[in-house]
Each structure stands twice: as C-alpha cells, then as structure tokens.
Amino acid sequence: MDIFLQLTVILICLFYGARKGGVALGLLGGIGIVIMTFVFGLKPGKPPVDVMLTIIAVVAASATLQASGGLEVMLKGAEKLLRRNPKYVSILAPFTTCALTIMCGTGHVVYTMLPIIYDIAIKNGIRPERPMAASSIASQMGILASPVSVAVVSLVAFLAKAPVDGHVIDFIGVLSITIPSTLAGVLMIGIFSWFRGKELDQDPEFQKRIADPEQRKVIYGESATLMGKTLTSSQWTAMWIFLGAIALVAFLGAFPSLRPVFEGKPLSMVLSIQMFMLLAGALIILFTKTDPSTIGKTEVFRAGMIAVVAVFGIAWMADTVFEAHLPELKAALTELVKTQPWTYAIALLLVSKLVNSQAAAISAMVPVGLAIGVPPGYVVAFAAASYGYYILPTYPSDLAAIQFDRSGTTHIGKYVINHSFILPGLIGVSTSCLIGFLLADAYGLI
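All values derive from a computational prediction rather than experimental measurement.

**Q** When you look at the overall build of the protein chain in this model, what are you seeing that I'm missing?
**A** Along its length, the protein chain carries 20 helices and two strands. For the protein chain, the C-alpha radius of gyration of 22 Å lies close to 22 Å, the compact-globule estimate for 446 residues. Overall size of the protein chain, expressed as C-alpha extent along the three principal axes, is 65 × 50 × 45 Å. For the protein chain, with 446 residues in total, the buried portion stands at 54%. Contacts spanning at least 24 positions in sequence make up 81% of the contacts within the protein chain whose residues lie at least 6 apart. Within the structure as shown, the protein chain displays about 19,300 Å² of accessible surface, and the carbon and sulfur contribution to it stands at 67%.

This is how it looks when you write it as structure tokens:
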C-alpha cells in the first residue's frame with residue numbers, strides 16, 4: 001500500500017511542478033524527498049551528481065559560445081542555406097535546427113532561427129506552419145543525437161553501470177543508434193510538413209487576414225535576417241574552439257585507447273566531456289576577450305541551470321522510492337518488460353511530458369528500467385521516447401514558434417491537443433524509435 005501512496009506523491013510533485021514550470025519542478029522534488037524520508041522512513045537515494053556536473057560543464061561552454069557571439073556564425077550559415085533554397089524550407093529548416101542542437105547540445109538555439117524561417121516561408125508563399133512546427137520539434141529531437149547534450153551524457157552514464165554480455169554500450173555505441181534514428185525522424189517530419197495544411201492562396205482564414213491592409217503589413221512585415229551582419233574574427237575563433245572540443249570528445253569516445261588509463265580502465269567519457277567542455281569555455285574567454293559577466297545572462301545558461309535543479313530534485317526523489325521497492329517492482333514488472341519492452345517506451349514518453357525535459361526523464365526512468373530488467377539495448381533503441389513534451393503545446397520553443405508566426409497558421413487548436421506540433425512530434429518520435437530498434441537489433445544489442 002505504501003508504494004502506491006509514494007507514487008501518488010511523486011505524480012503530484014511532477015504534475016504541480018510541471019504546471020509551475022522552470023526551477024519549480026526540481027524544488028517540488030525536494031518536497032517529495034522530505035516526505036519519503038521523514039514520513040515514510042525511506043533511505044534517501046543517490047542524487048545524480050555526475051549528470052549534474054556534466055550539465056554544468058556543457059552549459060557553461062555553450063553559454064560562453066553564445067556570449068562570445070560564436071553562435072551567430074552558425075546561425076548565419078544556417079540562414080544562408082535556407083535563403084538559397086527557399087522552395088525546400090519545409091525540409092531543410094528542421095534539419096538546420098536539428099543540426100544546431102546537435103552541435104550546441106541544447107534546443108534553445110532555435111529561438112533565433114524561428115523568425116528567419118518565418119520570413120523565408122511567408123515571402124515565398126509557403127504556409128509558415130509547415131517549417132515552423134517542424135523546426136521546433138526537430139530542434140528538440142536533436143538533443144538525443146548531440147555528443148554534448150545533457151540527455152545523451154546522462155544516458156551514457158547510466159548504461160555504464162549495465163553491461164551487456166560483459167560489454168558496456170558506450171558513448172559511440174549510443175550515438176551510432178541515436179544519430180541515424182534522429183535524422184530519420186527529422187526526415188519524416190520534413191516530408192510530412194511539405195504537404196500539410198492548405199496552400200496560403202487556398203486558405204480562407206489567411207486570405208481574410210491579409211484582406212485587412214494593417215494585418216497584411218504585420219504578417220509580411222520587415223525581413224528578419226543576420227545576412228547583413230558582419231562577423232568578427234573573434235566570433236569565428238569562438239565557434240571553431242567549441243566545435244573543436246566537440247570533435248575531440250567524439251574522437252576520444254571512438255578511440256578509448258587515447259584516454260589516460262587509471263586502475264586498468266580508461267578515463268570515463270563523463271569526466272572527459274566535463275573536462276573538455278570546461279576547457280572550451282576557458283579557451284573562448286582567453287582568445288576572444290569575452291566578458292565573463294555576460295555568460296550567466298544568456299538564454300542557454302538560464303535554461304541549463306534550470307535543468308540542473310530539475311534533474312537534482314526529480315531524479316533524487318524517484319531514486320529514493322524505486323530503490324526502496326526494487327524487489328517488488330522487479331517481481332511485478334520484469335516479465336512484462338521482457339515480453340513487451342515497448343511498454344518502457346510509453347512510460348518514458350509520459351514521464352517526459354510530465355517533467356518537460358529529456359534529461360530529467362532519462363534520469364528518472366532509465367535507472368528504474370535497467371533495475372527491473374529492461375535490456376540496455378531497448379533503453380538505447382527507445383531513447384527518442386524521452387521527448388514527449390510536444391504532446392501539449394506548453395514548451396517554450398513551441399510557444400515561441402506560435403508567437404513568431406504572425407500569419408496565425410502555427411496555432412493551438414480549439415481542443416488544445418489538436419495543435420500544430422502534435423503530428424510532427426508523433427511522426428518524428430515514433431520513426432526514431434522504430435529506426436533505433438532496427439539498428440539496435442542489427443548491432444546485436446537486442
């Protein structure tokens with residue numbers, strides 16, 4: 001009976017914290033951990049310290065890149081690609097935002113691209129909803145394909161403790177599945193988006209809006225662009241330092257023999273990522289004269305620190321409950337997850353919606369899944385299911401896409417659930433899970 005009361009407490013904390021948003025999600029986990037310890041008498045679990053430290057290191061480097069202006073180099077390059085191929089913006093835009101996320105480790109880079117994508121679409125007679133909704137979804141899907149994202153680092157850290165036939169699914173093993181499966185999902189989103197909705201000249205609602213001269217002026221507006229902006233040498237330097245650090249991290253992951261060996265084992269990739277992300281941030285400051293006081297004011301830094309608090313509170317609370325009831329959970333669920341492992345993906349998707357974070361969902365669910373017998377191969381194959389917060393249009397990137405689309409085609413439906421992001425999200429995540437499963441099977445992990 002106690003476990004049902006404790007799970008109820010977890011769900012209340014998750015639901016209420018998610019409604020409040022931001023840091024509240026992690027702080028509500030604090031209420032849960034106090035109740036579990038002092039009311040139910042459970043031994044406190046272990047906070048995910050490695051994951052939190054990695055988040056801090058990656059966010060510090062990414063925020064330094066943004067503060068230095070190095071991020072604008074990437075954004076300008078992405079805009080140039082889209083403006084040269086406006087006809088294909090519905091397919092190219094989501095790949096562009098996905099690629100930016102892969103390089104930077106955070107989906108929050110999408111905000112600067114959204115007004116540019118809108119401008120390209122509306123000026124070329126393309127329904128803005130098509131590339132706007134697809135780009136918002138793709139920017140979040142790219143998190144599972146990024147070697148420096150919190151979600152991937154968390155996943156690798158948990159899998160390190162769950163060997164398969166004596167072998168651990170390492171950093172490169174995870175990315176060899178998540179990168180192609182993510183790109184396949186983004187491709188399907190782009191193909192779907194190419195045909196979705198009415199053409200603007202056949203959309204009575206849009207035509208009614210532009211019939212008003214004032215509305216037409218607002219909808220078509222002035223161009224949003226970085227094309228006329230002159231980039232400095234220090235901005236280019238910052239970008240190359242950051243990308244060089246990412247390349248080095250990926251190289252060390254591919255060739256463990258290049259890492260120092262301690263007590264017979266190569267340095268872990270978690271520590272390697274932490275070291276080289278801190279190094280990248282430091283080198284950007286030293287070689288570009290970036291003002292360190294501006295780093296903490298960036299959007300990337302703010303969002304990253306919120307993620308630290310969320311992972312801290314939620315993962316600690318969940319670990320406390322599941323660790324205390326591990327024997328019962330194993331007995332009740334082991335057979336189910338072995339015969340129907342897709343049920344783990346559904347649970348991960350729902351938890352992700354509650355916590356609005358892929359890293360937090362992975363931190364809460366992957367240890368539980370591994371503990372009750374979900375094979376590590378399935379955990380990697382269904383990693384894309386950690387992105388479920390597109391189900392309701394409450395995530396900042398989705399809300400930003402709605403705001404930037406002055407044509408009104410990107411919208412929240414009358415019944416809330418029928419919004420512009422639900423179908424691209426379902427198509428992208430389900431495709432990624434399917435391709436991830438096929439790849440994991442091909443690699444002999446399932």
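**Q** What should I look at first to understand the packing of helix H8 (residues 150–159) against helix H17 (residues 358–371) in this one?
**A** The N-to-C vectors of H8 and H17 enclose an angle of 15 degrees; their axes lie 9 Å apart at closest approach. Our classification of the angle between H8 and H17 gives roughly parallel. The interaxial crossing formed by H8 with H17 has right-handed handedness. Residues Val150, Ala151, Ser154, Leu155, Phe158 and Leu159 of H8 form the contact with H17, whose participating residues are Gln358, Ala359, Ile362, Ser363, Val366, Pro367 and Leu370. Here the contact of H8 with H17 is composed, by residue class, of 10 nonpolar, three polar and no charged.

**Q** Where do I start with the packing of aromatic side chains in this structure?
**A** The geometry of an aromatic ring pair is captured by the separation of the ring centres together with the interplanar angle, meaning the angle of the planes. Taken as a whole and assessed by the stated rule, the structure comprises eight aromatic pairs. Centre to centre, the rings of tyrosine 88 and tryptophan 194 are 5.8 Å apart; their planes meet at 40 degrees, and the pair counts as tilted. One end of the pair, tyrosine 88, is in the loop between helix H4 (70–84) and helix H5 (89–104); the other, tryptophan 194, is in helix H9 (residues 171–195), with 106 residues separating them in the sequence. Residue tyrosine 88 is classed as partly exposed on the basis of its relative accessible area, which comes to 39%.

**Q** What is the right way to read the side chain of serine 139 from this model?
**A** Turning to its location among the elements, serine 139 is positioned in helix H7 (residues 129–141). One polar contact links the side chain of serine 139 to the main-chain carbonyl oxygen of serine 136, over a distance of 2.7 Å.

**Q** Would you explain the pattern of salt bridges in this entry?
**A** Once the charged atoms of two side chains with opposite charge are near each other, the side chains can pair. In the structure shown here, the tally under the stated rule is nine salt bridges. Of the charged contacts in the structure, one is a salt bridge between aspartate 119 and lysine 123, with a shortest N-O distance of 2.8 Å. Here aspartate 119 pairs with lysine 123, and both are found in helix H6 (residues 110–123), just four residues apart, close to one helical turn. By relative accessible area, which is 2% here, aspartate 119 ends up buried. According to the relative accessible area criterion, lysine 123 is partly exposed, its value standing at 38%. The salt bridge involving aspartate 203 is made with arginine 127; its shortest N-O contact spans 2.7 Å. You can see aspartate 203 sitting in the loop between H9 and helix H10 (204–211) and its partner arginine 127 sitting in the loop between H6 and H7, a full 76 residues away along the chain. The same class applies to aspartate 203 and to arginine 127, which are both buried. Via salt bridges that share partners, Glu79, Arg83, Asp119 and Lys123 belong to a single interconnected network.

**Q** Honestly, unusual backbone geometry in this entry has me stumped. Any pointers?
**A** For residues other than glycine, phi is negative in most cases, and the peptide bonds are mostly trans. The phi dihedral of glutamate 263 is positive, around 55 degrees, even though this residue is not glycine. Relative to the elements of secondary structure, glutamate 263 occurs in the loop between strand S1 (261–262) and strand S2 (265–266). Despite not being glycine, lysine 289 shows a phi value in the positive range, around 60 degrees.

**Q** What's the story with the side chain of glutamine 6 in this structure? I'm lost.
**A** Among the structural elements, glutamine 6 can be located in helix H1 (residues 2–20). Accessibility expressed as a relative area gives 1% for glutamine 6, which makes it buried. Discounting chain neighbours no more than four positions away, the residues touching glutamine 6 are Met36, Phe40, Leu42, Val321 and His325.

**Q** Would you explain the environment of threonine 97 in this entry?
**A** Tracing the backbone shows threonine 97 in helix H5. Residue class for threonine 97 comes out buried when judged on its relative accessible area of 1%. Each C-alpha atom of the pair threonine 97 and glycine 142 lies 8.0 Å from the other, and the pair is 45 residues apart in sequence. Once residues lying within four places of it in the same chain are set aside, the contact partners of threonine 97 are Val110, Met113, Ile117, Ser135, Ala138 and Ser139.

**Q** What is the right way to read the state of the cysteines from this model?
**A** Linking two cysteines covalently through their sulfur atoms gives a disulfide. One pass over the full model with this rule turns up zero disulfides. No disulfide involves cysteine 433; its nearest neighbouring cysteine sulfur is the one of cysteine 98, lying 15 Å away. Judged by its relative accessible area of 11%, cysteine 433 is buried.

**Q** Sorry, what's going on with helix H2 (residues 24–39) here?
**A** Each α-helix turn comprises 3.6 residues. Residues three or four places apart therefore point the same way. Taking 1.5 Å per residue as the helical rise, H2 with its 16 residues ought to reach 22 Å, and the 22 Å between its terminal C-alpha atoms agrees with that figure. By the burial criterion, the buried members of H2 are Ala24, Leu25, Gly26, Leu28, Gly29, Gly32, Ile33 and Met36. With its phi angle positive at about 70 degrees, glycine 41 sits one or two positions after the end of H2.

**Q** Could you clarify how one ought to interpret helix H14 (residues 299–324) in this entry?
**A** The end-to-end C-alpha distance of H14, which contains 26 residues, comes to 38 Å, matching closely the 38 Å that a straight helix rising 1.5 Å per residue would cover. A side-chain oxygen of the first residue of H14 lies 3.2 Å from the backbone nitrogen of phenylalanine 301; this N-cap is threonine 298.

**Q** I tried to follow the environment of alanine 345 on my own but got confused; where do I start?
**A** Structurally, alanine 345 is set in helix H16 (residues 342–355). Considered as a pair, alanine 345 and serine 386 are 41 residues apart in the sequence and their alpha carbons are 7.9 Å apart. Setting aside its immediate chain neighbours within four residues, alanine 345 contacts Phe382 and Ala385.

About the thresholds
- Residues numbered from 1 in each chain as written.
- Predicted model: local features only at pLDDT ≥ 70, side-chain atom pairs only at ≥ 80, totals over all residues.
- Heavy atoms only, no water.
- Helix = DSSP H or I, 4+ residues; strand = E, 2+ residues; numbered from the N terminus.
- Rg over C-alpha atoms; globule rule 2.2 N^0.38 Å.
- Buried < 20%, exposed > 50% of the residue type's maximum accessible area, 1.4 Å probe, protein only.
- Contact = heavy atoms within 4.5 Å.
- Areas by Shrake-Rupley, 256 points an atom, 1.4 Å probe, with all protein chains shown as cover.
- Axes fitted to C-alpha atoms, helices over the stretch in contact; angles between N-to-C directions.
- Parallel < 35°, antiparallel > 145°, perpendicular 65-115°, else oblique.
- Left-handed = near helix turned anticlockwise from the far one by under 90°.
- Nonpolar A, V, L, I, M, F, W, Y, C, P; charged D, E, K, R; others polar.
- Phe/Tyr/Trp six-rings, centres within 6.5 Å; stacked < 30°, edge-to-face > 60°.
- Polar contact = N/O pair within 3.5 Å; in protein donor to acceptor, adjacent residues only side chain to side chain.
- Salt bridge = Lys/Arg side-chain N within 4 Å of Asp/Glu carboxyl O.
- Disulfide = S-S within 2.5 Å.
- Expected span 1.5 Å × (residues − 1).

Treat this as a map of the structure, not an account of what it does.
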